[in-house]
2 protein chains.
Amino acid sequence: MRIPKHIGIIPDGNRRWALEQGMKKEDGYDNGISPGMDLYYICKDMGIEEMTFYGFTADNTKRPTTQREAFSEACIKAVERLSKEDAELLVLGKTSSAMFPERLKPYTTRSRFGEGGMKINFLINYSWEWDLGLQDGAIGPQLKTSDVSRIDLVIRWGGRRRLSGFLPVQSVYSDMYIVDDYWPDFRPQHIYDAVEWYSRQDVTLGG
Amino acid sequence: MRIPKHIGIIPDGNRRWALEQGMKKEDGYDNGISPGMDLYYICKDMGIEEMTFYGFTADNTKRPTTQREAFSEACIKAVERLSKEDAELLVLGKTSSAMFPERLKPYTTRSRFGEGGMKINFLINYSWEWDLGLQDGAIGPQLKTSDVSRIDLVIRWGGRRRLSGFLPVQSVYSDMYIVDDYWPDFRPQHIYDAVEWYSRQDVTLGG
């Protein structure tokens, strides 16, 4: 089976999941951490070389404070847990803003944890305009995320069929797989189905 | 019903359609012109304000010459037919290359035809690297396609679930609708279904 080298993960639907459970919206995020770890272990076993998680965006931080605090905290926990595994971790996003969690600053240069191995990129307070340099006056020839490679497969939970600003340059040729279930309802079968589907797609890279 | 202002069209599957008909691959493209006109009339009736057609990319021109000539000719015909309708037409792409058809150069500044009205953008010898300025040494703060607005809905024919380098910046928040039929098998129901589906999506623009 043709396995994607690099998978992008858009773990959407935490708030809708919480409402469905009769919980408050902001209580969904904490239930998204353990699915992320499950997914990491499965992808490691499959031999995936690189994963990029869409943590939160600069736009997301305009939501109510309780939600912002909840998704920030969930992302911090996720990164810290991943740092206890075998991984080469990099957190990318607008570090200059107060919305960027202090506790994640040590991860903004790529660091090897445990045995190293899989590259894991975590987008925190990310913005595609920032990434492309569209907010600056002068623009350099480098993306801010130039250390993140082309993405083969983007998997989005929560049913929406869109990228929502996720790494526009690395995603230009990505195949997109949508899981209708909300992210906290992650099941291993989702990733097996996504990778099986991916293996049946042709690879043209625009050619 | 909530109607998209700007629809992106990825008219894929011309070659696979031709093979299925027992024709040569390159003979598919000519059968994609009339579907494009049908689509234009329907979108105009629906009050769509802007459409962007993915004609061909700089990467596509690396295909065999017979195919390149066939898709170039089909795009030329499509643009010339649209110029006989009510439209504000703009052709965008790498005009500096020999792969850019001479006959389309008059359309590379936006021009009003007939009564004007709908903006129609046609990507010809397009490249996302070119668009983002990633090939140049010095990069300006402007996209090459800065006259093309944000896209609400991308509809792709031919079953592939990817953007294939289609306007990465304008597509950051686009909803993506996939039609499994090949483009030459276009039916009006495709666009009605796509727009109906779109009307049921929420609009967050990353918020």
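- For chain A, the name recorded in an unreviewed UniProt entry is Undecaprenyl diphosphate synthase family protein, with Lacrimispora xylanolytica as its organism.
- Heading Sequence similarities (unreviewed entry) of the UniProt record for chain A holds this comment: "Belongs to the UPP synthase family. Z-FPP synthase subfamily."

What about the overall build of chain A?
Part 1 of the reasoning: Scanning chain A from N- to C-terminus turns up five helices and seven strands.
Part 2 of the reasoning: Put simply, chain A runs from its N terminus to its C terminus through helices and strands in the order β-α-α-β-α-β-β-β-α-β-β-α.
Part 3 of the reasoning: Taken over the C-alpha trace, chain A has a radius of gyration of 16 Å; the compact-globule value for 207 residues is 17 Å, and the two agree within 12%.
Part 4 of the reasoning: In terms of overall dimensions, chain A has a C-alpha envelope of 50 × 45 × 35 Å along the principal axes.
Part 5 of the reasoning: Here chain A holds 207 residues, and the buried ones make up 58% of them.
Part 6 of the reasoning: A separation threshold of at least 6 residues defines the contact pool for chain A, and within that pool the share at least 24 residues apart is 69%.
Part 7 of the reasoning: When the accessible surface of chain A is totalled, it reaches about 8,600 Å², and 46% of it is carbon and sulfur.
Part 8 of the reasoning: Charge separation in chain A, taken as the distance between the mean sites of 27 positive and 30 negative side-chain charges, equals 4 Å.

Concerning the relation of the copies chain A and chain B
Part 1 of the reasoning: Turning chain A through 180° and shifting it by 0.0 Å along the axis lays it on chain B, with an RMSD of 0.0 Å. Both copies of the chain, as the preceding transformation shows, are related through a two-fold rotation axis.
Part 2 of the reasoning: The fraction of interface residues of chain A whose copies in chain B are also interface residues reaches 100%, indicating that both copies meet through the same surface.

Quick word on the environment of Ile7 of chain B
Residue and element names in this part refer to chain B.
Part 1 of the reasoning: Looking at where Ile7 falls in the secondary structure, it is placed in strand E1 (residues 6-11).
Part 2 of the reasoning: Put simply, Ile7 and Ser72 are 65 residues apart on the chain and 22 Å apart in space, counted from C-alpha to C-alpha.
Part 3 of the reasoning: Apart from residues lying up to four places away in sequence, Ile7 is in contact with Cys43, Ile48, Glu50, Met51, Thr52, Ile151, Leu153, Ile155, Ile191 and Val195.

Side note on the nonpolar core
Part 1 of the reasoning: Of all hydrophobic cores here, the largest spans 44 residues; its most connected members are Ile7, Ile9, Leu39, Phe122, Leu153, Ile155 and Ile191 of chain A.
Part 2 of the reasoning: Per-element tally for this core: the top contributor is helix H3 (residues 65-82) of chain A, with eight residues.
Part 3 of the reasoning: Here Leu39 of chain A is in contact with Ile9, Met51, Phe53, Trp157, Trp183, Phe186 and Ile191 of chain A, once residues within four sequence places are set aside.
Part 4 of the reasoning: Counting 43 residues, the second largest nonpolar core, distinct from the first, contains Met37, Phe56, Ala74 and Trp183 of chain B.

Brief notes about the side chain of Asp131 of chain B
Residues and elements named next belong to chain B.
Part 1 of the reasoning: Secondary-structure assignment places Asp131 in helix H4 (residues 128-132).
Part 2 of the reasoning: Of the side chains with opposite charge, Lys144 comes closest to the buried, unpaired Asp131, at an N-O distance of 7.0 Å.
Part 3 of the reasoning: With sequence-adjacent residues up to four places away left out, Asp131 is seen in contact with Tyr126, Leu143, Lys144, Thr145, Leu167 and Gln170.

As for the pattern of salt bridges
Part 1 of the reasoning: Taken as a whole, this structure holds 30 salt bridges over all chains when the rule is applied.
Part 2 of the reasoning: For the salt bridge of Glu196 of chain A with Arg200 of chain A, the shortest nitrogen-to-oxygen distance reads 3.0 Å.
Part 3 of the reasoning: Look at Glu196 of chain A and you get partly exposed, because its relative accessible area is 33%.
Part 4 of the reasoning: For Arg200 of chain A, a relative accessible area of 54% corresponds to the exposed category.
Part 5 of the reasoning: Close ionic contact of Arg110 of chain B with Asp147 of chain B constitutes a salt bridge, the shortest N to O distance being 3.0 Å. One end of the pair, Arg110 of chain B, is in the loop between strand E3 (87-92) and strand E4 (111-113); the other, Asp147 of chain B, is in the loop between H4 and strand E6 (153-157), with 37 residues separating them in the sequence.

A few points about the interface of chain A and chain B
Part 1 of the reasoning: Between chain A and chain B, the residue contacts involve 31 residues of the former and 32 residues of the latter.
Part 2 of the reasoning: When chain A packs against chain B, the two sides together hide about 2,800 Å² of surface, and 48% of this comes from carbon and sulfur.
Part 3 of the reasoning: It is Arg161, Arg162 and Val172 of chain A that lose the most area in chain A upon contact with chain B, and together they represent 23% of the buried surface on that side.
Part 4 of the reasoning: Linking chain A with chain B are six salt bridges, by the criterion used here.

Structural notes on the side chain of Asn14 of chain B
Part 1 of the reasoning: Note that Asn14 of chain B resides in helix H1 (residues 14-20).
Part 2 of the reasoning: Overall, the relative accessible area of 8% leaves Asn14 of chain B in the buried class.

About the cut-offs
Residue numbers here run from 1 along each chain, matching the order of that chain's written sequence. Labels are handed out in written order, letters beginning with A for the chains and numbers beginning with 1 for the ligands. Only residues with pLDDT of 70 or above have their local features reported here, since the model is predicted, and side-chain atom pairs are shown and tallied only from 80 upward, although totals for entire chains, interfaces and linings are computed over all residues. Side-chain metrics rest on all non-hydrogen atoms present in the structure, leaving aside hydrogens and water. UniProt positions are given in the numbering used here, feature names are shortened, and annotations may be inferred rather than shown by experiment. Helix and strand assignments come from DSSP, with helices taken as H or I runs of at least 4 residues and strands as E runs of at least 2, each series counted from the N terminus. As defined in this context, the radius of gyration uses C-alpha atoms, and a globule is described by 2.2 Å times the residue total to the power 0.38. Using a 1.4 Å probe on the protein chains alone, a residue whose accessible area is under 20% of its type maximum counts as buried, one over 50% counts as exposed, and one in between counts as partly exposed. Here, two residues are considered to be in contact whenever any of their heavy atoms come within 4.5 Å of each other. Using a 1.4 Å probe, the Shrake-Rupley method yields the accessible areas, and only the shown protein chains count as cover for residues. For the purpose of counting charges, residues Lys and Arg are taken to be positive, whereas Asp and Glu are taken to be negative. His and the chain ends are not included. The atoms used to mark charge sites are NZ of Lys, CZ of Arg, CG of Asp and CD of Glu. To superpose the copies, least squares is applied to the C-alpha atoms of every residue with a pLDDT of at least 70 in both. We define a nonpolar core as any set of buried Ala, Val, Leu, Ile, Met, Phe, Trp, Tyr and Cys residues linked to one another through side-chain atoms lying within 4.5 Å. Put simply, a salt bridge is a Lys or Arg side-chain nitrogen that is within 4 Å of an Asp or Glu carboxyl oxygen. Buried surface area refers to the total accessible area, computed with a probe of radius 1.4 Å, that the two partners give up upon joining, counted for both partners together.

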